[in-house]
Amino acid sequence: MTNLEIVRSTYEGKTSEENGKNLAKYVADNISWTEAKGFPYGGTYIGLDNITKNVFSRLGSEWIDYKFTPEDYVASDNKVVAYGTYTGIYKITGKAFEARVAHVWKLKDGKIVSFEQFVDSQSVNNALK
């Protein structure tokens, strides 16, 4: 698979579970995952277990229908950028949000070695209040 196909497989599966399985299949053991400063889960997490605990589990338990809808991708050598829109409803407040986002993926030898999120966090944080 090309790097673009690998990244697309983490977004465009039939279910979120399929996307998660594809991510797990292609991540390097020591993947570095950075959620943007100012985002509710902001920080850098190393390894899939830490990412699952600090990001995916929280997204799954704290939000209703939280998702990233990719608009397009830009690929070059070992980098793939996916950009689009986050949407969801925060369970505690019942408030919905929509935010523009870009994800920068770096790959080496068919494995994802890093991920960095760039997002307009204000609308996400507004849903928390």
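The coordinates are above.
Some details on the sheet that holds strand S1 (residues 27-35)
Read across the sheet, 6 strands follow the order S2-S1-S6-S5-S4-S3 without closing on themselves; strand pairing throughout is mixed. The outermost strands of the open sheet, each flanked by one partner alone, are strand S2 (43-46) and strand S3 (63-76). Neighbour-to-neighbour, the strand axes of the sheet open up by a mean angle of 20°, direction not taken into account. Pairing analysis gives 4 bridges linking S1 to strand S6 (residues 111-119), with the strands arranged parallel. Bridge pairing in S6 links serine 32 to serine 114. Packing of helix H4 (residues 121-128) onto the sheet brings it into contact with S3, strand S4 (79-90), strand S5 (96-108) and S6, and relative to S5 it is tilted by some 130°.

Re the environment of tyrosine 66
Residue position: tyrosine 66 is located in strand S3. Of the residues examined, tyrosine 66 reaches a relative accessible area of 18% and is grouped as buried. Distance in space between the C-alpha atoms of tyrosine 66 and leucine 48 is 20 Å, their sequence separation being 18 residues. For tyrosine 66, the contacting residues outside a window of four places in its chain are Phe39, Leu59, Tyr86, Thr87, Gly88 and Phe97.

How each quantity is defined
- Residues numbered from 1 in each chain as written.
- Predicted model: local features only at pLDDT ≥ 70, side-chain atom pairs only at ≥ 80, totals over all residues.
- Heavy atoms only, no water.
- Pairing = 2+ DSSP bridges.
- Helix = DSSP H or I, 4+ residues; strand = E, 2+ residues; numbered from the N terminus.
- Axes fitted to C-alpha atoms, helices over the stretch in contact; angles between N-to-C directions.
- Contact = heavy atoms within 4.5 Å.
- Buried < 20%, exposed > 50% of the residue type's maximum accessible area, 1.4 Å probe, protein only.

All quantities given are derived from atomic positions and should not be read as evidence of function.
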